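Below are the chains, spelled out letter by letter.
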Amino acid sequence: MDNSQYKALFLHETYDRLSGIEKGLLALENDPWNRAVVDALFRHYHSIKGMCASMGYNTMKEFTHAQEGLLDMMRTMKDKPTEQMLSLLFESFDMLKEMVHRIEDDRPLDDLDTRQLMEEIGRISSAEKTVPSSKPAPEPPTLHGARVPGIRLSKIMKVESGVFDNLLRITGDLLSVLSGLRAIASESGSIEFKEGVHGLGKSVEELHANILSARMLPFTSVTENLPRIVRDIARQGRKEVRLRVEGGDVTLDRAILECMTDPLVHVIKNAVDHGIEDPDERKKMGKPSCGTITVRAYERRDNAVIEVTDDGRGIDPGRLREKAVAMGMDRARIESMSDREVLMLVCMPALTLSSSVTDVSGRGVGMDAVKDMVEGMGGRLEIRSSPGKGTSIVMELPRTAMIIKVLLVAVDAEVFSIPVSRVEKVVEVERDDISDGEMDYEGRRLYLKELGEVMGMEVSERPWPRKVVVVNGGGGPKTFGILVDDVIDEMDAYIRPLPQPFTRLWGTAGLTVMSDGRPVFLLDTSQLAARVFGRQKTA
Amino acid sequence: MPTSGDKLLFDIDGRRLALELASVEGVAEVDRVFFLPGGRQPVMGVITHRSEPVMVVDMKRVFGKGRYRIEGPSTVIIVRDGEKVVGLCVGTQKLSFLWKKELTDVKVTPSTDKYISATMALNDSTVEVVDCGTLYDETTSLLSKEGQDVKHPPCIK
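What you see is a predicted model, and the numbers here were worked out from it, not measured in a lab. (Residues numbered from 1 in each chain as written. Chains lettered and ligands numbered in written order. Predicted model: local features only at pLDDT ≥ 70, side-chain atom pairs only at ≥ 80, totals over all residues. Heavy atoms only, no water.)

(A) Focus on the overall build of chain A. Helices and strands together make up the secondary structure of chain A, namely 18 helices and 18 strands. For chain A, buried positions account for 50% of its 539 residues. A fraction of 68% describes how many contacts in chain A between residues 6 or more apart in sequence connect residues 24 or more apart. (Helix = DSSP H or I, 4+ residues; strand = E, 2+ residues; numbered from the N terminus. Buried < 20%, exposed > 50% of the residue type's maximum accessible area, 1.4 Å probe, protein only. Contact = heavy atoms within 4.5 Å.)

This is the structure we're talking about:
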């Protein structure tokens, strides 16, 4: 198993533990009776051993195991630890540190001779069990000896995540400035200036890539606590549930993962509490008494998809329709909706199919918040379900936050941005190409919407020809066209989360500030798609 | 009723209005205010101040008659109340100040008017102190979160 991607985490955690061991050994030397220190040391060695086992560093695992054994014995001794024991632990500690340095430098551990230290530890441990050892303590380390510990700074640094947020923001500002400089350079006759801008661009883009890479965390970072959550809710509801996590090595930006923690827990709570049936019911349906919830992450183009699937009772679209009508929604409209569209109604606030409200959840409770959160990050939510078979909540998210490629489009004097990942094509059109709000596009009819109109601008008749940005709104056949005056540019934009009072403004997913101070809103293509295909009106 | 500090003064259609100077974060001169999706009158749009977006409210709409049209450099006073930041467009007028020492012996009366926290009787006029917190809450509640109703005829035939 390739664990190289976790090496940095291993080193980070191990250096922390080593630091604790060193302090502990020094404290123990001054106060050998202090059992709390011995206990703390034992925990440090035990953690390092576990991490070594996970990473496959067997030599180090066995060596740590021996020291852990010695500490364990010291915990049960009636007498205080001898000087000999402490010296041996110090010597072993130096060896342990050397092992970690070698791992950090990708050097082998095989040629490190741990045999003598291991034998000594074994001898002391067994002697202690019989009679107190009379062997003198090993010579303390000297300047001339081979194992005088030196000072070495770790290559792994602990950095507050806010530092990376700032770095990314600054890089975003640099990219905005760069975009302006590139526009000037394209008009400039100076070769030196053009080359200078080109060189600056390469450096800024490299900086951006490095910062993005530093911000990435594996999906497992948010799944570690899930087994416990599932266990607790299952026990509370007297259910049997097994959790499977797949794709833990898929990486996402820390900010995205941070925002995903609550929605993920919401969805899983719903799945356990209302998706999975109780064991008797499952048996009657011919299912295994233990339900399964699978949390799966995988990559799709530039995005990451997180799917939570349960093999429970599923959602009945018929009941959902009845519930929606009972809540006052137009029956004709509800009847005309596909099952897939109806399932999305669970994201309406207060719509739940659960007959009982529990402490944990109700199917639908919190799903509006989940949808808002996912869409607020520029992602989209989809629900698939088969009655009696189970439900999948599919959350597609951008893997990296904040700086994305956008297309800048103009309507009248206003500028908006659209994620390039959502743009299929840009087509120039004349007025005659459009009839009944549609145009021919690659052999089929394409729905069109005036961007100015859909955003609520007061826009007068525009000059032709104009541009149609063909957008994929996601979730099946959701391709549509946005009619704009012009496409200005494509750029890397630093997208700020919308601050108060702009959060959740309809049709927007973020904001970028151009080098000249102009605020440009990032369009939420999922919401535009909903408007174009009429879903917004039904919800 | 925080009326003891220095004030920033401006006029709207004959009304003399004041802002607590301590709440003024800056005064910007702008050539245009950008479109704010979901914004409805008296929200004029959005500008940036120190690289942050700021919603701009038309003070003529709130306290006077008609509305400002930005056809040249216009003044936007940016006020902050904790996390709440709003820009108040006061047109092209010059601003003046009312210093704390001028307010001694001035009669201050609490006001029940919308967006006004108090009135102060000066020698020759009445100054109304703007309640920026309420103004912010009321105007931001107008921002549409559900999309605009289409009020304008579609351009697509």
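(B) Molecular detail of the environment of Ala 66 of chain A. Within the secondary structure, Ala 66 of chain A sits in helix α3 (residues 58-76). Ignoring anything within four residues of it in the chain, the contact list for Ala 66 of chain A reads Met 118 and Ile 121 of chain A.

(C) Up close: the interface of chain A and chain B. On the chain B side, the residues contacting the 38 residues of chain A number 28 residues. Together chain A and chain B conceal approximately 2,800 Å² of surface at their shared face, both sides included; 64% is due to carbon and sulfur atoms. Sorting the residues of chain A by area buried against chain B places Glu 453, Pro 501 and Phe 502 of chain A first, and these three jointly supply 19% of that buried surface. In this assembly, chain A and chain B are joined by one salt bridge. Taking the shortest distance from any N to any O, the salt bridge between Arg 32 of chain B and Glu 414 of chain A comes out at 2.7 Å. One can count four residue pairs in polar contact (both at pLDDT 80 or more) joining chain A with chain B. Across the side of chain A that touches chain B, the residue classes tally to 17 nonpolar, nine polar and twelve charged. (Buried area = accessible area lost by both parts, 1.4 Å probe. Salt bridge = Lys/Arg side-chain N within 4 Å of Asp/Glu carboxyl O. Polar contact = N/O pair within 3.5 Å; in protein donor to acceptor, adjacent residues only side chain to side chain. Nonpolar A, V, L, I, M, F, W, Y, C, P; charged D, E, K, R; others polar.)

(D) Focus on α3 of chain A. The terminal C-alpha atoms of α3 of chain A lie 27 Å apart, and with 19 residues this matches the ideal 27 Å at 1.5 Å per residue to within 8%. Those residues of α3 of chain A not exposed but buried are Met 60, Phe 63, Thr 64, Ala 66, Gln 67, Glu 68, Leu 70, Leu 71, Met 73 and Met 74 of chain A. (Expected span 1.5 Å × (residues − 1).)

(E) Just a negative patch on the surface, in detail. On the surface, a cluster of negative charge is made up of Glu 428, Glu 430, Asp 432 and Asp 433 of chain A. Taking the relative accessible area as the measure of exposure, Asp 432 of chain A reaches 73% and is therefore exposed. (Patch = residues over 30% accessible without salt bridge, like charges linked within 9 Å, V, L, I, M, F, W, Y side chains within 5 Å. Areas by Shrake-Rupley, 256 points an atom, 1.4 Å probe, with all protein chains shown as cover. Lys, Arg positive; Asp, Glu negative; His and termini not counted. Charge placed at Lys NZ, Arg CZ, Asp CG, Glu CD.)

(F) Quick peek at the nonpolar core. Formed by 47 residues in total, the largest nonpolar core has its most connected members in Leu 264, Leu 345, Ile 383 and Met 395 of chain A. It is helix α10 (residues 254-275) of chain A that contributes the most residues to this core, eight residues altogether. Among residues more than four places away in sequence, those in contact with Leu 264 of chain A are Phe 219, Val 222, Leu 226, Val 295, Ile 306, Val 308 and Met 395 of chain A. Counting 44 residues, the second largest nonpolar core, distinct from the first, contains Val 24, Ala 28, Val 76 and Tyr 115 of chain B. (Core = buried A, V, L, I, M, F, W, Y, C linked by side-chain atoms within 4.5 Å.)

(G) Main features of the side chain of His 101 of chain A. The residue His 101 of chain A is located in helix α4 (residues 83-104) in this model. Here His 101 of chain A is in contact with Tyr 15 and Arg 152 of chain A, once residues within four sequence places are set aside.

(H) Molecular detail of the sheet that holds strand β6 (residues 380-386) of chain A. All names here are of chain A. Spatial strand order, β2-β4-β5-β7-β6: five strands in an open sheet with mixed pairing. Each end of this open sheet is capped by a strand with a single partner; those strands are β2 (241-246) and β6. With strand direction ignored, the average angle separating the axes of adjacent strands in the sheet is 15 degrees. Against the sheet, helix α9 (residues 226-236) touches β2 and β4 (291-300), its axis set at about 160 degrees to β2. (Pairing = 2+ DSSP bridges. Axes fitted to C-alpha atoms, helices over the stretch in contact; angles between N-to-C directions.)

(I) Main features of the layout of surface pockets. All names here are of chain A. Its volume calculated, the second largest pocket comes out at about 1,100 Å³. Contributing to the lining of the second largest pocket are 30 residues, with Ala 8, Leu 9, Ala 214, Met 216 and Leu 217 lying nearest its centre. Secondary-structure elements contributing two or more residues to the lining of the second largest pocket are α1 (7-30), α6 (161-187), α7 (191-215), β1 (216-218), α8 (220-223) and α10. For the lining of the second largest pocket, the element with the most residues is α1, which contributes five residues. (1 Å grid on protein atoms, 1.4 Å probe; cavity = no way out; pocket = protein on both sides within 12 Å on 5 of 7 lines; lining within 4 Å. Points joined across faces, edges and corners; volume = space filled by probe spheres on them.)

(J) Spatial organisation of the packing of aromatic side chains. Residue and element names in this part refer to chain A. On inspection of all chains with the given rule, the structure shows five aromatic pairs over all chains. Measuring from ring centre to ring centre gives 6.4 Å for Phe 502 and Phe 521, while their planes differ by 70 degrees; the resulting arrangement is edge-to-face. Within this pair, whereas Phe 502 is found in the loop between β16 (486-494) and β17 (508-513), its partner Phe 521 is found in strand β18 (residues 519-523), the two being separated by 19 residues in sequence. The buried category is assigned to Phe 502, whose relative accessible area is 0%. (Phe/Tyr/Trp six-rings, centres within 6.5 Å; stacked < 30°, edge-to-face > 60°.)

Any functional reading would require information that these geometric values do not contain.
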